[in-house]
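Report on the structure
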Amino acid sequence: MIDFNLIWHSLPTLLMGAGISLQITFVAATIGLILGSIFALAETVKSHYIRALIGSYVMLFRGTPMLVQILFVYYVLPQFGILIAPFWAASIAIGLNSSAYISQTIRSGLNAVPQGEIEAAHTLGFTRLKTMRYIVFPQAFRASLPTLTNELITLIKDSSLASIIGVMELSKEASIIRSRTYDAFSILLAVSIIYLILTGTLAFCIKKYEKRVKSHV
């Protein structure tokens, strides 16, 4: 049976945890988008060394579990004198992992821009930087938006991994309540609904933004 009374009294605590989850998502998404964009642009250069370096970075973060990456940032870096609070350790690790995926998404978007438009921009006197800023990158971003939406939704769910190092996000708060009340079903049902609301709201907002962008193209 579902204990609605337990869910109601646990809701403030769960919502506080959801707020922490959103903060982790925001920080991780910011890191992922900034680094991912930089790496995607860097992969367009002719230097084999830069491309190999970025390729190694992407392979490392895509080929190892995010959980291990979080544990590495939190437990291993302090051995080299780099102390990071649990919240920031989780956010940075998730953001670095996300940047590897986002870089490949944006790179695909960059490659999808017709070469003729780039040549036309050069003919009009645009520098390489201006061509990338005003012609190539906006189109690449629009083309990548559906995949980026999926990545952001994944980040909300991946924020639950922060609980492994004691961050009091949504799943951690739920785990504490569950261990105290022994009612796993009611609490996990509530947590699932909260995650669905968060991911559904994000998907809806980005979908509206995507339609708005396309209407101005």
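Predicted model only: the values in this text are computed from it and were never measured. (Residues numbered from 1 in each chain as written. Predicted model: local features only at pLDDT ≥ 70, side-chain atom pairs only at ≥ 80, totals over all residues. Heavy atoms only, no water.)

In this section: the overall build of the protein. Helix and strand counts for the protein come out as eight helices and zero strands. Counting from the amino terminus, the protein carries its helices and strands in the arrangement α-α-α-α-α-α-α-α. Overall, the protein is about 70 × 50 × 20 Å in size when its C-alpha atoms are taken along their principal axes. Taken over 217 residues, the protein has a buried fraction of 39%. Residue pairs in contact within the protein that sit at least 24 positions apart in sequence constitute 79% of those at least 6 positions apart. (Helix = DSSP H or I, 4+ residues; strand = E, 2+ residues; numbered from the N terminus. Buried < 20%, exposed > 50% of the residue type's maximum accessible area, 1.4 Å probe, protein only. Contact = heavy atoms within 4.5 Å.)

Turning next to unusual backbone geometry. The residue Y182 is not glycine, and still its phi comes out positive at about 60°. Of note, Y182 is situated in the loop between α7 (170–181) and α8 (184–215). A relative accessible area of 73% means that Y182 is categorised as exposed.

Where helix α1 (residues 4–42) meets α7, the axes come as close as 7 Å, and the angle between the chain directions of the two elements is 150°. With respect to α7, the element α1 is oriented roughly antiparallel. For the crossing formed where α1 meets α7, the hand is right-handed. Here α1 contributes L6, S10, T13, L14, G17, A18 and S21 to the contact with α7, which in turn contributes L170, E173, A174, I177 and T181. Looking at the contact of α1 with α7 residue by residue, the class counts come to six nonpolar, five polar and one charged. (Axes fitted to C-alpha atoms, helices over the stretch in contact; angles between N-to-C directions. Parallel < 35°, antiparallel > 145°, perpendicular 65-115°, else oblique. Left-handed = near helix turned anticlockwise from the far one by under 90°. Nonpolar A, V, L, I, M, F, W, Y, C, P; charged D, E, K, R; others polar.)

Turning to α7, a few remarks are in order. Between its first and last C-alpha, α7 extends 17 Å over twelve residues, near the 16 Å set by a 1.5 Å rise per residue. Restricting attention to buried positions, one finds in α7 the residues L170, E173, A174 and I177. The buried side chains of α7 occupy one side of the element, clustering within an arc of 100° when seen end-on. Y182 lies just past α7 and shows a positive phi near 60°. (Expected span 1.5 Å × (residues − 1). Arc of directions from axis to C-beta.)

Let us look at the confidence of the model for the protein. Averaged over the protein, the pLDDT score is 90; the fraction of residues at 70 or greater is 98%. Per-element mean pLDDT across the protein ranges from 78 in helix α5 (residues 115–123) up to 96 in helix α3 (residues 66–76). (pLDDT = per-residue confidence, 0-100.)

I24, I70, A90, I94, L155, I165 and V167 are the most contacted members of the largest nonpolar core, which has 21 residues in total. Counting residues per element, the ones that place at least two in this core are α1, α3, α4 (86–112) and α6 (128–158). I70 has contacts with A90, A93, I94, L161, A162, I164 and I165, leaving out every residue within four places of it along the chain. L6, L14, A18 and A190 belong to the second-largest nonpolar core, a separate cluster that totals 14 residues. (Core = buried A, V, L, I, M, F, W, Y, C linked by side-chain atoms within 4.5 Å.)

With respect to the helices and strands, G55 occurs in helix α2 (residues 48–63). Among the residues examined, G55 registers a relative accessible area of 32% and is labelled partly exposed. Taking the C-alpha atoms as reference points, G55 and A100, 45 residues apart in sequence, are found 9.1 Å from one another.

Running from N to C, α3 and α4 cross one another at 135°; their axes reach a closest spacing of 9 Å. Classified by the interaxial angle, the pair formed by α3 and α4 is oblique. Note that α3 runs across α4; the crossing there is right-handed. Where α3 approaches α4, its residues M66, Q69, I70, V73 and Y74 are matched on the opposing element by P86, A89, A90, A93, I94 and N97. Looking at the contact of α3 with α4, its residues break down into nine nonpolar, two polar and no charged.

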